[in-house]
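Take a look at the letters that make up each chain.
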Amino acid sequence: MGVSRLDLFYRRLLLTKLFIGGWGKPEDLKRIFEFRKIIGDREKCKFLVPEDYPVYINKTEEHADCLIHDGFLISPLEHLVPGILPAESVKARFQFIVPKRWKNHRPVCIHLAGTGDHFFWRRRTLMARPMIKEAGMASLLLENPYYGYRKPKDQLRSSLKNVSDLFVMGGALILESTVLLHWLQREGYWPLGMTGISMGGYMASLAVTNWPKPIPLVPCLSWSTASSVFTTGVLSRAVNWTELEKQYAINSVYEEEIINLLEYCGADSFKMCQEFLKDPGSLGDLLGLSEDRTSTGQKAGQGLLIGGDHVEQLLSSVSSSGTTVDSIQRSVNGNTHRGKKTDSDKCCRPSLHRESISFMKGVMDECTHMANFSVPVDTSLIIVVQAKEDAYIPRTGVLSLQEIWPGCEVRYLKGGHISAYLFKQNVFRQTIYDAFNRFCVKYPNLH
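Residues numbered from 1 in each chain as written. Predicted model: local features only at pLDDT ≥ 70, side-chain atom pairs only at ≥ 80, totals over all residues. Heavy atoms only, no water.

**Notes on the overall build of the protein chain**
And then number 1: Per the secondary structure count, the protein chain includes 17 helices and 9 strands.
And then number 2: When the 447 residues of the protein chain are sorted by exposure, 60% land in the buried category.
And then number 3: With the model as given, the accessible surface of the protein chain reaches about 18200 Å², and the carbon-plus-sulfur share is 52%. (Helix = DSSP H or I, 4+ residues; strand = E, 2+ residues; numbered from the N terminus. Buried < 20%, exposed > 50% of the residue type's maximum accessible area, 1.4 Å probe, protein only. Areas by Shrake-Rupley, 256 points an atom, 1.4 Å probe, with all protein chains shown as cover.)

**A short note on the packing of helix α5 (residues 163-186) against helix α14 (residues 352-368)**
And then number 1: The geometry of α5 relative to α14 is characterised by a closest axis approach of 10 Å and an angle of 10 degrees between their N-to-C directions. Here α5 is positioned roughly parallel relative to α14, judged by the angle of their axes. Each of Val163, Leu166 and Phe167 in α5 lies in contact with α14, whose residues at this interface are Met360, Val363, Met364, Cys367 and Thr368.
And then number 2: Looking at side-chain class alone, the contact of α5 with α14 contains 7 nonpolar, 1 polar and no charged residues. (Axes fitted to C-alpha atoms, helices over the stretch in contact; angles between N-to-C directions. Parallel < 35°, antiparallel > 145°, perpendicular 65-115°, else oblique. Contact = heavy atoms within 4.5 Å. Nonpolar A, V, L, I, M, F, W, Y, C, P; charged D, E, K, R; others polar.)

**Observations regarding the pattern of salt bridges**
And then number 1: If you walk through the whole model with that rule in mind, you get 16 salt bridges.
And then number 2: Lysine 59 is the partner of glutamate 61 in a salt bridge, and the nearest nitrogen-oxygen pair spans 3.2 Å.
And then number 3: Take glutamate 61: its relative accessible area is 32%, and that puts it in the partly exposed class.
And then number 4: The salt bridge partner of arginine 150 is glutamate 176, with a shortest N-O separation of 2.9 Å. A residue pair is termed long-range when its members are at least 10 positions apart, and arginine 150 in the loop between β5 (138-142) and α5 and glutamate 176 in helix α5 qualify at 26 residues. Just as arginine 150 is buried, glutamate 176 falls in that class too. (Salt bridge = Lys/Arg side-chain N within 4 Å of Asp/Glu carboxyl O.)

**Focus on α5**
And then number 1: For α5, built from 24 residues, the straight-helix expectation of 34 Å at 1.5 Å per residue is met to within 8% by its first-to-last C-alpha distance of 36 Å.
And then number 2: The element α5 is largely enclosed, with a buried count of 22 among its 24 residues.
And then number 3: Glycine 188 sits one or two residues past α5 and shows a positive phi near 90 degrees. (Expected span 1.5 Å × (residues − 1).)

**What to know about the environment of alanine 207**
And then number 1: Here alanine 207 shows up in helix α6 (residues 199-209).
And then number 2: Since its relative accessible area comes to 2%, alanine 207 is described here as buried.
And then number 3: Discounting chain neighbours no more than four positions away, the residues touching alanine 207 are Leu173, Ile174, Ser177 and Met194.

**Description of unusual backbone geometry**
And then number 1: Cis geometry marks the peptide bond from tryptophan 190 to proline 191, where omega comes out at -10 degrees.
And then number 2: With respect to the element layout, proline 191 can be found in the loop between α5 and β6 (192-197).
And then number 3: Residues other than glycine seldom take positive phi values, yet histidine 105 does so here, at roughly 60 degrees.
And then number 4: Residue position: histidine 105 is located in the loop between β3 (91-99) and β4 (108-112).
And then number 5: For histidine 105, a relative accessible area of 39% puts it in the partly exposed group.
And then number 6: The phi dihedral of leucine 221 is positive, around 60 degrees, even though this residue is not glycine.
And then number 7: Within the element layout of this structure, leucine 221 appears in the loop between β7 (217-220) and α7 (227-231).
And then number 8: Residue class for leucine 221 comes out buried when judged on its relative accessible area of 0%.

**Topic: the nonpolar core**
And then number 1: Counting residues in each nonpolar core, the largest one holds 100 residues, and the members touching the most others are Trp23, Phe33, Phe96, Leu140, Phe167, Met194 and Phe230.
And then number 2: The element contributing the most residues to this core is α5, with 14 residues.
And then number 3: Excluding its chain neighbours within four sequence positions, the residues that come into contact with phenylalanine 33 are Phe167, Ile258, Leu261, Leu262, Val363, Glu366 and Cys367. (Core = buried A, V, L, I, M, F, W, Y, C linked by side-chain atoms within 4.5 Å.)

**Observations regarding the packing of helix α4 (residues 121-135) against helix α17 (residues 425-442)**
And then number 1: Where α4 contacts α17, the two axes come as close as 10 Å, and the packing angle between them is 55 degrees. It follows from the interaxial angle that α4 and α17 lie oblique. Once α4 is placed against α17, the crossing between them reads as right-handed. Residues Leu126, Met127, Pro130, Met131, Glu134 and Ala135 of α4 form the contact with α17, whose participating residues are Gln425, Phe428, Arg429, Ile432 and Tyr433.
And then number 2: Here the contact of α4 with α17 is composed, by residue class, of 8 nonpolar, 1 polar and 2 charged. (Left-handed = near helix turned anticlockwise from the far one by under 90°.)

Right, here's the structure in full:
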């Protein structure tokens, strides 16, 4: 299948660079990877977020067709992995848009934001308000960390500063979505579901893997991992590879320690990247990416404990090192200093770009690959909407969602990522209604 020319053209209009700060602090990556092993296992997360975790409504506006409640919560990630979120992102804001009259039941769909979707206007106008009119369905719009009110002061528009920011965003949204689902249950809303477009679809998918009950999920224009987005998709051209390569070369902790923490996702993590980039007719070649790299992926090594006494016990169950937080921190600090290379040739080695791409694929798969998370409780309630010629979300060379989530349905649209986003919002909404109806038929008494 070819790729959309509109996708390629639109990408050229956007000049901002992604990840200008680099990979993120090595110690932060280690803490994130260790936390991923917990949050990727639904059984280990049963008591991570209390069912009565506080949620606040601080403003209500009345409109002709609906009530719009502004609310907030403190992200549980701040308690579980202290200091990993920027200060501006700790407070998670949302809008809850409720019809004045319900048509049938009291259904609520949580919408997570796609790339560039700051504040609430876009989702409210294109999805939430029409859903009230068409189906009498309420919507809860959660604001992503690093976006809107939660955007760090030193971040330029939607361009995440560090690669690690994307993983922090995902961890925060999984926990925050859990809090909001519990809250909606307490308030008597039913049925509940989740959706998102593009990056929002990824994040909604991650959140649903952690929910212990059957739940409708409609990820639109997303797929099984974010790794291909930044290594072979059109967004790979926006990545600041110069800075990433420099950091990878100078600080050996990435190459010598971080790689050993990556869990191998079957055929995907490094092997498929090599073969995809070797293919001269592939999208990777079209975008001017590099070719082959020897596989460096290994099974997960021993990770780090996350700061915070209240989760140290839980974390120790997935880390076999038996070391203390203090001793680990001393080790991290020591390794960081020792990792500084003085040989300038390391920054100019011919394979550096290929190695950096392969490392990117590995760390992205570690934290975003659906195979590294629990399978949702009932995959028959998942309806995926994909664009056939999507140049932003390549499907070649990665496991399909049908392989990871047997029983889910995939619906394909003609065209690419941008055209689907601009002209197919009605299809996304109808798919949400279909998923909710499927849930009501299958689980009429599950409240």
